[in-house]
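Per-entry structural report
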Amino acid sequence: MREAVLAELQALRGQVVGVTDAAVASVDGMLVASDTDEVRPDVLAALAAASLGLGRSAGNEVGMGELREVVTRCQSGHIVVYAVQRTGLLVVLGDEGLDIADLHLRSRATVDRLGAILAQN
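Starting afresh in each chain, residues are numbered from 1 along the sequence in its written order. Note on the predicted model: pLDDT of at least 70 is required for a residue's local features to be given, and 80 or more for side-chain atom pairs to be given and counted; whole-chain, interface and lining totals, by contrast, use all residues. To get the side-chain values, take all heavy atoms of the structure and skip hydrogens and water.

As annotated in an unreviewed UniProt entry, the protein carries the name Putative regulator of Ras-like GTPase activity (Roadblock/LC7/MglB family) and comes from Actinomadura coerulea.

1. Focus: the pairing of strand β3 (residues 69-74)
Pairing between β3 and strand β4 (residues 77-84): six bridges, direction antiparallel. What sits directly across from Val-71, in β4, is Val-80. In short, DSSP must find at least two bridges between two strands for them to pair. Comment: elements are numbered from the N terminus, with helices defined as DSSP H or I runs of at least four residues and strands as E runs of at least two. Taking the residues between adjacent antiparallel strands as the criterion, β3 and β4 are bridged by two residues.

2. What to know about the side chain of Asp-35
Structurally, the position occupied by Asp-35 is in strand β2 (residues 31-35). The buried category is assigned to Asp-35, whose relative accessible area is 11%. Polar side-chain contacts of Asp-35 include one of 2.9 Å to the side chain of Arg-13. Note on contacts: a residue pair is in contact if any heavy atoms of the two residues lie within 4.5 Å. If we ignore the near neighbours within four places in the chain, the residues touching Asp-35 are Leu-6, Leu-9, Gln-10, Arg-13, Thr-20, Asp-21 and Ala-22. Residue exposure (1.4 Å probe, protein chains only): buried if accessible area is under 20% of the type maximum, exposed if over 50%, otherwise partly exposed. Any N or O atom pair separated by 3.5 Å or less is treated as a polar contact, with the protein-specific requirement of one donor-capable and one acceptor-capable atom, and with residues adjacent in sequence counted only for side-chain atom pairs.

3. A few points about the environment of Ala-101
Considering the arrangement of structural elements, one finds Ala-101 in helix α3 (residues 100-119). Using a relative accessible area of 55% as the deciding quantity, one classes Ala-101 as exposed. Each C-alpha atom, one on Ala-101 and one on Ser-76, is 17 Å from the other, the two residues being 25 residues apart in sequence.

4. Here we look at unusual backbone geometry
In this model, Gln-85 sits at a positive phi of 50°, which is unusual for a non-glycine residue. Within the secondary structure layout, Gln-85 lies in the loop between β4 and β5 (88-95). Classification of Gln-85 by relative accessible area gives partly exposed; the value is 48%.

Laid out in structure tokens, this is it:
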């Protein structure tokens, strides 16, 4: 499973301009696999889980339906957390040149494939 998840992360990184790091984790912050250079993957997984949980709570509170993603824009780039079914998440880091529209477009298929991979275990 880890190899299949890693292949998806590397493919996404290769397809979208500006993606610097990516990881998949469970919603409780347990790392499944990561494709990172400078970031501590365990910390990234835990923080992404917290971000996803906060986004889900906010969405539920205001009645906007199922959470799809949480986007955080920082001075030097973006942190995007995608819900992978109800049990997982995909977190993508991007620099200032991140093509966020392309990321959102390409991530849909990636999230679907990751959901299928995670469901096998």
